[in-house]
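# Notes for the structure review
Chain by chain, the residues:
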Amino acid sequence: MSSHSSEKQPQSLTRRHWLAGTGLALSAAGLSGFSKTAMAQAAATAAAPKPLPPFASWKTADAMIVHSSSTIELKRSAFGSSVITPSEKLFIRNNLPTPDAAIVADRDAWVLQVEGVKKPASFSLKQLRAMGVESVTTVLQCSGNGRGFFPSKPSGTPWQVGAAGCVVWSGVPVKALIEACGGVADGMAFMTGTGGEKLPDGVDPKSLIVERSMPLKAFEDAILAWELNGSPLPLAHGGPLRLIVPGYTGVNNIKYIKRLAFTQTQTEAKIQKHGYRITAAGQESSPNDPSVWEMPVKSWITAPLADNGELSAGQTVIQGVAFGGVHAVRLVEVSADGGKSWHKARFFGPDMGKYAWRQFSVTLPLSAGAHKLVSRATDTAGNVQPEQRLENAHGYNNNSWADHAVSVTVVA
């Protein structure tokens, strides 16, 4: 994940302007026939999906939407009915260019520096493996997931629902690491992770480095993961080592982690100081704005969808996923009339813990005509998914049930 500013794409000539200019030039040259052919070919190229970048070429291409080489989304129709998102379908969001694959050639040689503890030390991945192991199933979600629904069109990738997945991480608990280092030093209030991406020469590291601070309590269930869904952590998802902070948005789950520090204050890195802040629309972000940390309760429909084919009137199974961030989901309700009436859904599939999402379904009779399907989740702390989004400058933390509605047409 990255700050909103780094998600902006280069603003060279747009396709529309390029096509318009090409058409005018060709027409002026008396080559209008060729112009039409060229424009048709260019339009076809523009409509073609972007290919997966080399570092993510192993992804399931027809299930993904490639926004850019560092932003790849899972299609809503491709979530399926399994609680675990296959690694081949997990979204990608990188702040900086992916490091060279050499860093996963000898995984055990990767070194993590630990600071802000009573016995500061450095550990190789091989040494970390010897400290213990734990697995945790979590929802990994980009802070901007749902940004595409904001009518204000904030800068950044216009994610719909696919910048999220539910996966199993395995690694050493941060608690075990702290214990090995004699405990957290006195007076520390934050846990700070630093990514190991190579930075360009001649720049202020704090302006680009991926370094995030979270409240100290975040370490309780955090792990340093070297495995994703039972396989060595891929380079595309932060391998060889990634900090996993259950219940927190993706940017806080530091890829290629090289430093874990317990600190008195938040990092001065730009991605923390001004990035990932809930800022009022039209305002510039400041360190006084709330940081994007814990995920709010959220759900959305995954089936049926308009692009899955024609729906026939009658009993219809509606399904989706729901999660509560740092809390378990307690209840999901579904509406087939845009929120006018609600029906309690049932959970299905295994309960993988409070940080995982739950699959839900409900069978409702749908008559011929248009229907708006929505879902609304409630977590164990009593937080209810709201109807409206929290408006903010950068399109973060959209958990509006109205925004995530699905429109379907049923035939008799």
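Described in the following lines is the structure provided in the data block. (Residues numbered from 1 in each chain as written. Predicted model: local features only at pLDDT ≥ 70, side-chain atom pairs only at ≥ 80, totals over all residues. Heavy atoms only, no water.)

### Some points on the overall build of the protein chain
The number of helices and strands found in the protein chain is 6 helices and 22 strands. Residue burial in the protein chain is summarised as follows: out of 412 residues, 51% are buried. Sequence-distant contacts in the protein chain: of pairs separated by 6 or more residues, those separated by 24 or more amount to 71%. Roughly 18,000 Å² of accessible area belongs to the protein chain as shown, and the carbon and sulfur atoms make up 55% of that amount. (Helix = DSSP H or I, 4+ residues; strand = E, 2+ residues; numbered from the N terminus. Buried < 20%, exposed > 50% of the residue type's maximum accessible area, 1.4 Å probe, protein only. Contact = heavy atoms within 4.5 Å. Areas by Shrake-Rupley, 256 points an atom, 1.4 Å probe, with all protein chains shown as cover.)

### A closer look at the sheet that holds strand 20 (residues 358–366)
Taken together, the 4 strands give an open sheet; going across it, the order is 14-16-20-19, and neighbouring strands pair in antiparallel fashion. Each of the sheet's edge strands pairs with one partner strand only, and the pair in question is strand 14 (298–303) and strand 19 (346–348). Averaged over all neighbouring strand pairs, the angle between strand axes comes to 40 degrees, with direction disregarded. Pairing of strand 19 with strand 20, which is carried by 3 bridges, proceeds in the antiparallel orientation. What sits directly across from Phe348, in strand 20, is Gln359. (Pairing = 2+ DSSP bridges. Axes fitted to C-alpha atoms, helices over the stretch in contact; angles between N-to-C directions.)

### Here we look at the nonpolar core
One recurring pattern in soluble globular proteins is that nonpolar side chains are buried together. In this structure, Val174, Met191 and Leu243 are the most contacted members of the largest nonpolar core, which totals 44 residues. Core analysis: the next-biggest nonpolar cluster, separate from the first, contains 23 residues, Phe79, Ile92, Trp300 and Phe323 among them. (Core = buried A, V, L, I, M, F, W, Y, C linked by side-chain atoms within 4.5 Å.)

### Concerning the packing of aromatic side chains
Any aromatic ring pair is given by two values, namely how distant the centres are and how the planes are angled relative to each other. Considering all chains together, one arrives at 9 aromatic pairs under this definition. Their ring planes at 55 degrees and their centres at 5.9 Å tell us that Phe79 and Trp357 sit as a pair that is tilted. Taken together, the residues Phe79 in the loop between strand 2 (71–74) and strand 3 (92–93) and Trp357 in the loop between strand 19 and strand 20 connect sequence positions 278 residues apart. For Trp357, a relative accessible area of 2% puts it in the buried group. With centroids separated by 5.0 Å and ring planes inclined at 85 degrees, the aromatic side chains of Trp342 and Trp401 adopt a geometry described as edge-to-face. Taken together, the residues span a long stretch of sequence, with Trp342 in the loop between strand 17 (329–335) and strand 18 (343–344) and Trp401 in the loop between strand 21 (369–379) and strand 22 (406–411) at a distance of 59 residues. Given the relative accessible area of 8%, Trp401 is considered buried. (Phe/Tyr/Trp six-rings, centres within 6.5 Å; stacked < 30°, edge-to-face > 60°.)

### As for the sheet that holds strand 17
Spatial strand order, 15-22-21-17-18: 5 strands in an open sheet with mixed pairing. Where the open sheet ends on each side, the last strands, each with one partner, are strand 15 (311–312) and strand 18. Strand direction decides the pairing type here: strand 17 and strand 18, joined by 2 bridges, are antiparallel. Considered in strand 18, the bridge of Glu333 is made with Lys344.

### So, unusual backbone geometry
For the peptide bond that leads from Gly239 to Pro240, omega is 15 degrees, which places it in the cis range. Locating Pro240 in the fold gives a position in the loop between strand 11 (231–232) and strand 12 (242–244). Following Ala303, the chain continues into Pro304 via a peptide bond in cis, with omega recorded as 0 degrees. With respect to the element layout, Pro304 can be found in the loop between strand 14 and strand 15. One non-glycine residue, Lys153, adopts positive backbone phi at about 50 degrees. Within the secondary structure, Lys153 is located in the loop between strand 6 (134–141) and strand 7 (164–173). Given the relative accessible area of 68%, Lys153 is considered exposed.

### What to know about the pairing of strand 9 (residues 211–215)
Across the 5 residues that make up strand 9, a large majority, 5, are buried. The pairing of strand 8 (residues 190–195) with strand 9 spans 5 bridges and is antiparallel. Residue Thr192 lies in a different strand from strand 9, and its bridge partner there is Ser213.

### With respect to the pattern of salt bridges
Summed over all chains, the structure comprises 11 salt bridges. Two residues, Glu220 and Lys175, come together in a salt bridge whose shortest N-O distance is 3.0 Å. Separated by 45 residues along the polypeptide, Glu220 in the loop between strand 9 and strand 10 (223–228) and Lys175 in helix 4 (residues 174–180) bring together distant segments of the chain. Note that Glu333 and Arg376 form a salt bridge whose closest N and O atoms lie 3.1 Å from each other. Taken as a pair, Glu333 in strand 17 and Arg376 in strand 21 lie far apart in primary sequence, 43 residues in all. In this pair, the class of Glu333 matches that of Arg376, namely buried. Salt bridges here are not isolated pairs; linked through shared partners, they connect Glu115, Lys206, Glu211 and Arg259. (Salt bridge = Lys/Arg side-chain N within 4 Å of Asp/Glu carboxyl O.)

### Here we look at the pairing of strand 13 (residues 257–263)
Among the 7 residues of strand 13, 5 are classified as buried, and the element is accordingly described as predominantly covered. One ladder, built from 3 bridges, connects strand 4 (residues 111–115) with strand 13; its direction is parallel. Its bridge partner lying in strand 13, Val114 is registered against Leu260. Pairing geometry for strand 8 and strand 13, over 6 bridges, is antiparallel. For Met191, the partnering residue across the bridge sits in strand 13 and is Phe262.

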